[in-house]
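This is what each chain is made of:
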Amino acid sequence: QVQLVESGGGLVQPGGSLRLSCAASGSIFMIDAMAWYRQAPESQRELIATITSEGTTAYADSVLGRFTISRDKSKNTMYLQMNGLEPEDTAVYYCNADIRATGQSRDNYWGRGTQVTVSA
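Here the structure is a predicted model, which means the values were calculated and not measured.

A. Main features of the overall build of the chain. In terms of helices and strands, the chain carries 0 helices and 11 strands. Going residue by residue from the N terminus, the α and β elements of the chain occur as β-β-β-β-β-β-β-β-β-β-β. The globule rule puts the C-alpha radius of gyration for 120 residues at 14 Å, and the 14 Å found for the chain is close to it. Of all 120 residues assigned to the chain, the portion counted as buried reaches 41%. In the chain, 55% of the contacts between residues at least 6 apart in sequence involve partners at least 24 apart. For the chain, the computed accessible surface area is about 6500 Å², with 46% contributed by carbon and sulfur atoms. Positive and negative side-chain charges of the chain, numbering 10 and 12 respectively, have mean locations separated by a distance of 7 Å.

B. Quick peek at the nonpolar core. Within the largest apolar cluster, 30 residues are counted, with the highest numbers of intra-cluster contacts made by Trp 36, Leu 80, Met 82, Tyr 93 and Ile 99. Mapped onto this core, the elements with two or more residues apiece are β3 (18-25), β4 (28-39), β5 (46-51), β7 (67-72), β8 (77-82), β9 (91-101) and β11 (114-118). If we ignore the near neighbours within four places in the chain, the residues touching Ile 99 are Val 2, Leu 4, Ala 24, Ile 28, Met 30, Ile 31, Ser 105, Arg 106, Asp 107 and Tyr 109.

C. Main features of the state of the cysteines. One pass over the structure, following the stated rule, counts 1 disulfide. Put simply, Cys 22 and Cys 95 are joined by a disulfide, and their sulfur atoms are 1.9 Å apart. One quick way to see it: the torsion about the S-S bond of Cys 22 and Cys 95 is about -60 degrees, and its sign makes the bridge left-handed. Of this pair, Cys 22 sits in strand β3 while Cys 95 is found in strand β9, placing the two residues 73 residues apart along the sequence. In terms of burial, Cys 22 and Cys 95 fall into one category: buried.

D. Up close: unusual backbone geometry. Of note in the backbone geometry, Glu 42 takes a positive phi value of approximately 60 degrees without being a glycine. Residue Glu 42 is classed as exposed on the basis of its relative accessible area of 87%. The backbone of Asn 76 sits at a positive phi, close to 50 degrees, despite the residue not being glycine. By relative accessible area, Asn 76 is classed as partly exposed at 26%.

E. Broad picture of the packing of aromatic side chains. Inspection of every chain in the model, using the stated rule, returns 2 aromatic pairs. Seen from their ring centres, Tyr 94 and Trp 110 are 6.4 Å apart, and the 85 degrees between their planes marks the pair as edge-to-face. With a gap of 16 residues between them, Tyr 94 in strand β9 and Trp 110 in strand β10 (residues 106-110) connect regions that are remote in the sequence. Taking relative accessible area as the criterion, Trp 110 reaches 39% and is therefore assigned partly exposed. An aromatic cluster is defined as three or more aromatic residues linked by ring pairs; in this entry it consists of Tyr 37, Tyr 94 and Trp 110.

Calculation criteria
Residues numbered from 1 in each chain as written. Predicted model: local features only at pLDDT ≥ 70, side-chain atom pairs only at ≥ 80, totals over all residues. Heavy atoms only, no water. Helix = DSSP H or I, 4+ residues; strand = E, 2+ residues; numbered from the N terminus. Rg over C-alpha atoms; globule rule 2.2 N^0.38 Å. Buried < 20%, exposed > 50% of the residue type's maximum accessible area, 1.4 Å probe, protein only. Contact = heavy atoms within 4.5 Å. Areas by Shrake-Rupley, 256 points an atom, 1.4 Å probe, with all protein chains shown as cover. Lys, Arg positive; Asp, Glu negative; His and termini not counted. Charge placed at Lys NZ, Arg CZ, Asp CG, Glu CD. Core = buried A, V, L, I, M, F, W, Y, C linked by side-chain atoms within 4.5 Å. Disulfide = S-S within 2.5 Å. Phe/Tyr/Trp six-rings, centres within 6.5 Å; stacked < 30°, edge-to-face > 60°.

As structure tokens, then:
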């Protein structure tokens with residue numbers, strides 16, 4: 001069974017940095033596109049960064065220039081380097097990926113999320 005597990009969240013002061021990780025595990029044949037979403041309290045889930053299997057990236061305007069998405073195919077892991085954090089970045093951050101499990105067709109998977117809190 002394929003799983004996505006996020007880590008690296010926590011409490012950070014404004015202007016600080018965090019690095020989130022998303023590790024995929026299970027009977028994985030191939031991972032296609034991956035993405036980071038976030039959901040603040042009483043808000044809809046927001047797509048903030050994507051990365052294709054070829055490494056092409058895209059960002060929401062709200063994080064462009066501050067966040068960097070990357071992936072290590074050898075480790076089936078995706079990262080989100082977050083710099084210049086602001087209180088408005090406080091949210092639960094979720095990992096999402098299109099994964100082809102061994103012997104199965106491609107499916108979309110979500111992690112359970114990791115809390116990021118930006119506060120003085």
